[in-house]
Amino acid sequence: MKQPLIETQDIQQKIKKAFERSAFIDAENIAVAINDHKVILSGKVHSLSEKNQAERVTFNAPGVYVVKNELEVEY
């Protein structure tokens, strides 16, 4: 049975909503770019823990195969 095709916009919305649900991620400062199931995270976060959590949440989104985490930690 074939997996349904997941649109880029759907992936982006799912990631953004997951960020908003997380108490550990400030979603306002994170940009999500998607190209062929590869996600690039950019922007600024407040801690290394927040950076790592954003990567985990992104990787768990349906349709994501690769995550490139370019988030900068700003203390």
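First things first, this report covers the structure right here in the doc. Keep in mind the model is a prediction, meaning the values are calculated, not measured.

### Details of the packing of helix α1 (residues 8-21) against helix α2 (residues 48-59)
Two elements in contact, α1 and α2, have axes whose closest approach is 9 Å; the angle formed by their N-to-C orientations is 135°. Taken together, the axis directions place α1 and α2 in an arrangement best described as oblique. Where α1 crosses over α2, the two elements pack in a sense that is right-handed. Between α1 and α2, the contacting residues are Ile-15, Ala-18 and Phe-19 on the first element and Ala-54, Val-57 and Thr-58 on the second. Class assignment of the residues belonging to the contact of α1 with α2 gives a composition of 5 nonpolar, 1 polar and no charged.

### What to know about α2
For α2, built from 12 residues, the straight-helix expectation of 16 Å at 1.5 Å per residue is met to within 8% by its first-to-last C-alpha distance of 17 Å. Within the span of α2, buried status applies to Glu-50, Gln-53, Ala-54, Val-57 and Thr-58. Buried residues of α2 fall within an arc of 135° about the axis and therefore sit on the same side. Those residues of α2 that are buried lie in contact with α1, β1 (30-35), β2 (38-45) and β3 (66-73).

### Here we look at the sheet that holds β2
The sheet built from 3 strands is open, its strands ordered β1-β2-β3 with mixed pairing. A single partner strand is all that each edge strand has here, and the edge strands are β1 and β3. This sheet shows a mean twist of 10° between the axes of neighbouring strands, independent of strand direction. Pairing between β2 and β3: 8 bridges, direction parallel. Following the sheet pairing, Ile-40 is matched in β3 by Lys-68. Relative to the sheet, α2 contacts β1, β2 and β3, its axis offset from that of β3 by approximately 160°.

### Considerations on the pattern of salt bridges
Scanning the entire structure with this criterion turns up 2 salt bridges. Salt-bridge contacts for Glu-72 lead to Lys-44; the nearest nitrogen and oxygen are separated by 3.1 Å. Of the two residues, Glu-72 is situated in strand β3 and Lys-44 in strand β2; the sequence distance between them amounts to 28 residues. Residues Glu-70 and Lys-68 are paired through a salt bridge, measuring 3.3 Å at the closest nitrogen-oxygen approach. Residue classification places Lys-68 among the partly exposed residues on the basis of a relative accessible area of 39%.

Conventions we followed
- Residues numbered from 1 in each chain as written.
- Predicted model: local features only at pLDDT ≥ 70, side-chain atom pairs only at ≥ 80, totals over all residues.
- Heavy atoms only, no water.
- Axes fitted to C-alpha atoms, helices over the stretch in contact; angles between N-to-C directions.
- Helix = DSSP H or I, 4+ residues; strand = E, 2+ residues; numbered from the N terminus.
- Parallel < 35°, antiparallel > 145°, perpendicular 65-115°, else oblique.
- Left-handed = near helix turned anticlockwise from the far one by under 90°.
- Contact = heavy atoms within 4.5 Å.
- Nonpolar A, V, L, I, M, F, W, Y, C, P; charged D, E, K, R; others polar.
- Expected span 1.5 Å × (residues − 1).
- Buried < 20%, exposed > 50% of the residue type's maximum accessible area, 1.4 Å probe, protein only.
- Arc of directions from axis to C-beta.
- Pairing = 2+ DSSP bridges.
- Salt bridge = Lys/Arg side-chain N within 4 Å of Asp/Glu carboxyl O.

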